[in-house]
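# A look at the structure
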Amino acid sequence: MAENFLMHWVKINFWAAATGCIHLYMHKLYFIAFFSLLFFSCFGQFDNEYNYSFKTYTAKDGLVHNYTKKCESDSKGFLWIITQHGLSRFDGVQFKNFEHSNTDSTSLPENDLEDIAIDGKDNIWLSYRRGLCMYNTKEHRFKIIKNKNAIFLSQKIIFDKKRNCIWSVNST
């Protein structure tokens, strides 16, 4: 009986000591966290060398369509944006849009674009549901890429800088 009482007393004291330590430890953590947060929120504002600001562009601002899929930038600083209804080039101020035209064989072959890549010569490579095309920025015209007179199917494209080539993936 005395042995049971002693074991019970040891368990209670051990529990009290352990929870007391944990309680004290948690207070220290809260104290450190609070003052760290206070320090970084007050003094971190003055030390920030980057000031970010965001602006949202829509079709009202000149973007060809509000549903954008991907964008890439070229060496001249243009931002090329593929959308569900064509291609937009943004120079930081205004958009130039490219869309399919039935009367122009050098226009964008299809409006619903899937992927974009820009090669080392700033040619814009675009994949769409039924093929692959390239926009030559010097000639300002789109060219459909063919393989043995058949349209080259492509779903994803990427420019390999090391090998200076375009890689294409399709599901067939």
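Just so it is clear, the structure is predicted and the values come from calculations on it, not from any experiment.

## Details of the overall build of the chain
- In terms of helices and strands, the chain carries one helix and twelve strands.
- If you list the helices and strands of the chain from N to C, you get α-β-β-β-β-β-β-β-β-β-β-β-β.
- Expressed as a percentage of its 172 residues, the buried residues of the chain come to 27%.
- Across the chain, every contact between residues at least 6 apart in sequence was considered, and the portion connecting residues at least 24 apart equals 34%.

## Some remarks on the nonpolar core
- Judged by nonpolar contacts, the single largest core of 14 residues is most densely connected at W80, L87, L126 and F142.
- Counting only elements with at least two residues in this core, the list comes to β2 (79-83), β5 (113-118), β6 (124-128) and β7 (131-136).
- Leave out the neighbours within four places in its chain, and L87 touches V64, W80, I81, I82, K96, N97, F98, L108, L113, I116, L126 and F142.
- Core analysis: the second largest hydrophobic core is formed by seven residues, A117, W125, L132 and F159 among them.

## Considerations on the side chain of N123
- Among the secondary structure elements, N123 is positioned in the loop between β5 and β6.
- What makes N123 buried here is its relative accessible area of 10%.
- Every residue in contact with N123, bar those within four places of it in the chain, is listed here: A117, I118, M134, Y135, N136 and T137.

Calculation rules
Starting from 1, residues in each chain are numbered consecutively following that chain's sequence as written. Per-residue local features of the predicted model are confined to residues with pLDDT of at least 70, and side-chain atom pairs are confined, for both listing and counting, to 80 or more; whole-chain, interface and lining totals are unaffected and use all residues. Think of the side-chain values as coming from all heavy atoms in the structure, minus any hydrogens and water. Where helices and strands are cited, they refer to DSSP runs of H or I of at least four residues and of E of at least two residues respectively, numbered from the N terminus. In this scheme, a residue with accessible area under 20% of its type's maximum is buried, one over 50% is exposed, and one in between is partly exposed, where area comes from a 1.4 Å probe on protein chains only. When checking whether two residues touch, look at their non-hydrogen atoms; a contact exists if any pair is within 4.5 Å. Residues belong to a common nonpolar core when they are buried Ala, Val, Leu, Ile, Met, Phe, Trp, Tyr or Cys residues joined through side-chain atoms within 4.5 Å.

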